[in-house]
Amino acid sequence: MLLYSSFERVGEAFLKRATIMLKIKNLYASVDGQEILKGINLEIKPGEVHAIMGPNGSGKSTLANVLAGKQEYEVTAGEVTFLGENLLDKAPETRAKDGLFLSFQYPVEIPGVPMANFIKTAVNEHRVHRGEKELTAGQFLKLMREKMELVEMKTKLTNRSVNEGFSGGEKKKNEIFQMAMLEPKLAILDETDSGLDIDALRTVANGVNALKSPETSSIVITHYQRLLDYIVPDFVHILYHGKIVKTAGKELALELEEKGYDWIKSEKGN
Amino acid sequence: MSVLVEKADLSLKYIAHYNKVKETLFEGSPDVLNAQRKKAFQDFVMQGIPTNKNEKYKYTNLHPHFLPNFSFIHQKEAQKTDPNAIFHCDVPQLDSYVKTTTNGWFNESKTEGDLPEGVILESLEKMMKEQPGLVEKYYAKIAKSDTDAMVALNTAFAKDGYFLYVPKNVVCEQPIQLINFLEAPKDSFVTQRNLVVLEQGADVKLILCDHTLNLNRYLCNAVTEIFVGENANLDYYTLQNQHNRTANISSVFVQQERDSVVTSHTSSFHGGLIRNNMEFVLNGENTEANVFGMAFLDKKQHVDNFTQIIHKKPNGRSNQVYKNVLDNEATGAFSGLIHVVRDAQNTNAFQQNNNLLLSDTATMQTKPQLIIDADDVKCSHGATVGQIDEEALFYLRARGINEDKARLMMMNAFMHEVVRKISVEALRDRIDELVERRLNGEVAKCHECAYQCEV
Ligand SMILES: Nc1ncnc2c1ncn2[C@@H]1O[C@H](COP(=O)(O)OP(=O)(O)O)[C@@H](O)[C@H]1O
Ligand SMILES: [Mg+2]
């Protein structure tokens, strides 16, 4: 009996994962009483890559932050499920440990918190959450070296405080390095490509692609087609004034690259 | 009864007590000490216990701490402190040369290891008898009782403390550790008087640990005079770890001769009221004073760090970093004076005070003060009072680190700048651990801490 029921549960979880990763239904969110997200609907299946594009100020980062659990954003309506569970009830750290990762548009500098200590704590929190043993110092170093190579991050950076004195490019690489260490199920990349030269862009994209699998999904927030040359999206959404106003295949990104956003603006009035 | 009378009465109580025990105080003390005693008593009568009207005590109200009916310990008592009590101190693993004091009195004890030849670490009272010439040369020379009531009160009651002497060019490789215990059968008023002399080229690291061994109330008024000769080098570490019924008023006066370097580092982990006066006089050219401090305060604790750095000669450097973490209804103060006199050209003076408030009810007063009379001077100061950076906290949490742990990491990060100034590696590691435990809400005290600090 016991065996049977646990079997059933595993099956259930697998089924959920197989069908849906993230489901956003009619999501409204505001900050300081100002409504920013105005009814977002989005469904992401395992293995899919979704690009979100849109002019500055349309609410892309707000959406990313709401999903990651930033408290200053108040969800006023709608629901979000992640792997079949209510996401919005959970603390940011639980969301992360459940497999949601946000690569920040502006990673913060945290003087005094050593990189290695930080990432080791994060990795071990994830492992404990999954019922695994914490890594030994040796195992951790090996893993860290491997993942740093993947994103071509300089060793000396792990001796510093988190993001302290990192260049713009180094900060973005550091985000992808952390993603590689934590192996999330859903990665949200918020303008990870902004400010990167073409080499760094390629490295970052390679890092992202190396982690791609039929069980993982990503949301790529970007202004530029060039990242999408490397990370090919299954869907492209245009977020405008807190709403997804258009969804299409990867060709939409090319169209935007050519025409800019003005046609969307005029199509939508203002 | 008006407040004024009540306050005057409080000073009168101590004045009356002095008159009552005068004979005991004078007995057995050499003339020089007694001459100073007499004068200091007059100075105290003139000044009384400092009130908030005194600019130097604007942020610290001493009066409630003088109110209890204290016992005094004017004579050396048979030593009671169990030598094993040193393990109550949190840094016993340190390979150091250890001596102890109890209630201000120096304990004669066998100590493992040897001090380098000529180095003296002894009871001040004993040294006054045995080598009066040596002590007289320095005693009460830089701790002035006419301008400082707490120094006056200390000098009036002073009988003992420790005396450290390091002869010319002697380098003490092994740190010297002094553990000061408070352990009396009743609520007690404790006076401790210390003297440190480093001759030219001497080099020593001194670690002081302040502890309480029972739950009685204490008011400890300690004065330390430190003379640092030419080209000498002193590291002076203080760990304050006393229960919340203790008021600890410590005044340290440092006089530095040319080319000398002094680094002072104060860690205030626990205590009801802590007032640290640090006065540095850079009396020779090309001297360096590094003055660091960190304090952890919660409940109703109060810590007041009061520093004065006086640059008297050219090419001097001073560098102050003080940080506090305050929680609950704790109150803190930092006042830092940098005074560069006319002669002290090419002085470099830096001061920084950062404070982290963990609750809405904790308060912090910070007051930098610069008096610059020379024209070729580089001077800077900065003070911040803030909360934990929410953006950074979110970043850590977004990586799966739970909120408590993330906060702890942030607080540790905040203090780390001060912790890493400790150059004795074993001590730095130990303090790192104590900081972590303190921030974690554990009592950063002896492993077998038996008392409650909830008072
Ligand atoms: N923390 C915040 N406080 C106040 N306003 C905010 C905050 N975050 C975002 N906004 C506002 O919400 C709107 C959307 O911002 P954002 O989500 O950053 O857009 P995008 O990432 O698409 O450029 C903007 O008008 C911005 O000013
Ligand atoms: Mg944005």
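Note that residues are indexed from 1 along each chain, following the sequence as it is written. Naming scheme: in the order in which they are written, chains are lettered from A and ligands are numbered from 1. Two thresholds apply to this predicted model, a pLDDT of at least 70 for residue-level local features and 80 or more for giving and counting side-chain atom pairs, whereas whole-chain, interface and lining totals are computed over all residues. The basis for the side-chain values is all heavy atoms of the structure; hydrogens and waters are excluded.

A. Region of the structure containing the packing of helix H7 (residues 390–397) of chain B against helix H8 (residues 403–419) of chain B. Residues and elements named next belong to chain B. Between H7 and H8, whose axes approach to 9 Å, the crossing angle comes to 130°. Relative to H8, H7 is oriented oblique. H7 and H8 meet at a crossing whose hand is right-handed. From H7, Glu390, Ala392, Leu393, Leu396 and Arg397 reach across to H8, where they touch Glu403, Ala406, Arg407, Met409 and Met410. Its residues placed into classes, the contact of H7 with H8 shows six nonpolar, no polar and four charged. Note on method: axes are straight lines fitted to C-alpha atoms, helices fitted across the in-contact stretch only, with angles between N-to-C directions ranging 0 to 180 degrees. The helix count covers DSSP runs of H or I at least four residues long, the strand count covers runs of E at least two residues long, and both are numbered beginning at the N terminus. We call two directions roughly parallel when the angle between them is under 35 degrees, roughly antiparallel when it is over 145, roughly perpendicular when it lies between 65 and 115, and oblique otherwise. Each crossing gets its hand from how the near helix is turned against the far one by less than a right angle, where anticlockwise is left-handed and clockwise is right-handed. Only heavy atoms matter for contacts: two residues are in contact if any of them lie within 4.5 Å across the pair. As a working rule, the residues Ala, Val, Leu, Ile, Met, Phe, Trp, Tyr, Cys and Pro are called nonpolar, Asp, Glu, Lys and Arg charged, and the rest polar, with Gly in that last group.

B. Spotlight on a positive patch on the surface. Residues and elements named next belong to chain B. Patch members must show over 30% relative accessible area and no salt bridge, and they are joined within 9 Å when carrying like charges or within 5 Å when they are nonpolar side chains of Val, Leu, Ile, Met, Phe, Trp or Tyr. Surface exposure here means Shrake-Rupley accessible area, sampled with a 1.4 Å probe, where a residue is shielded only by the protein chains that are shown. What makes a salt bridge here is a side-chain nitrogen of Lys or Arg within 4 Å of a carboxyl oxygen of Asp or Glu, nothing more. Charged-residue counts in this description rest on Lys and Arg as positive and Asp and Glu as negative, His and the chain ends being excluded. Here the site of a charge means NZ on Lys, CZ on Arg, CG on Asp, or CD on Glu. Together, Lys141, Lys144, Lys312 and Lys313 line one region of the surface with positive charge. Of note, Lys141 is situated in the loop between helix H5 (132–136) and helix H6 (149–157). In this scheme, a residue with accessible area under 20% of its type's maximum is buried, one over 50% is exposed, and one in between is partly exposed, where area comes from a 1.4 Å probe on protein chains only. On the basis of relative accessible area, Lys141 is assigned to the partly exposed category, the value being 42%.

C. The coordination of the magnesium ion (ligand 2), seen in detail. Residues and elements named next belong to chain A. Surrounding the magnesium ion (ligand 2) are the protein donor atoms Ser61 (OG) and Gln105 (OE1), at 2.1 to 2.2 Å. Of this pair, Ser61 sits in helix H2 (residues 60–68) while Gln105 sits in the loop between strand S6 (100–103) and strand S7 (110–114), and the two are 44 residues apart along the sequence. Assessed through its relative accessible area of 22%, Ser61 is described here as partly exposed. Coordinating N, O and S atoms are those within 2.8 Å of the metal (3.2 Å for Na, K and Ca), and as water is not part of the atoms, a site may appear to have fewer donors than expected.

D. The arrangement of the pairing of strand S11 (residues 246–256) of chain B in detail. All names here are of chain B. Of all 11 residues in S11, 11 are buried, a share of seventy percent or more. Here S11 shows a buried face lined by Thr246, Asn248, Ser250, Val252, Val254 and Gln256 and a second buried face lined by Ala247, Ile249, Ser251, Phe253 and Gln255. Two strands qualify as a pair provided DSSP detects at least 2 bridges between them. Relative to S11, strand S9 (residues 218–228) runs parallel, the two being bridged by 11 bridges. Paired with Asn221 across the two strands is Ile249, which belongs to S11.

E. Quick look at the confidence of the model for chain B. Summing up the model confidence of chain B, the mean pLDDT is 91 and the portion of residues at 70 or higher is 92%. The pLDDT value expresses, per residue, how confident the predictor is, ranging between 0 and 100. Long-range and interchain partners of residues 444–455 of chain B, a stretch whose pLDDT sits below 50, account for 35 contacts in this model, where long-range means more than four residues apart.

F. Inspection of the interface of chain B and chain A at higher detail. Contacts between chain B and chain A engage 16 residues on the former and 32 residues on the latter. Both faces combined, the contact of chain B with chain A buries some 2000 Å², and carbon together with sulfur accounts for 64% of it. When two parts are put together, the accessible area they lose, computed with a 1.4 Å probe and summed over both, is reported as buried area. In terms of surface lost to chain A, no three residues of chain B exceed Phe394, Tyr395 and Arg399 of chain B, which account for 40% of the buried area on that side. Applying the counting criterion to the chain B and chain A interface returns four salt bridges. The salt bridge involving Glu175 of chain A is made with Arg399 of chain B; its shortest N-O contact spans 2.7 Å. Counting only elements with at least two residues in the side of chain B that touches chain A, the list comes to H7 and H8 of chain B. For the side of chain B that touches chain A, the leading source of residues is H7 of chain B, giving six residues. Taken together, the residues that form the side of chain B that touches chain A break down as nine nonpolar, two polar and five charged.

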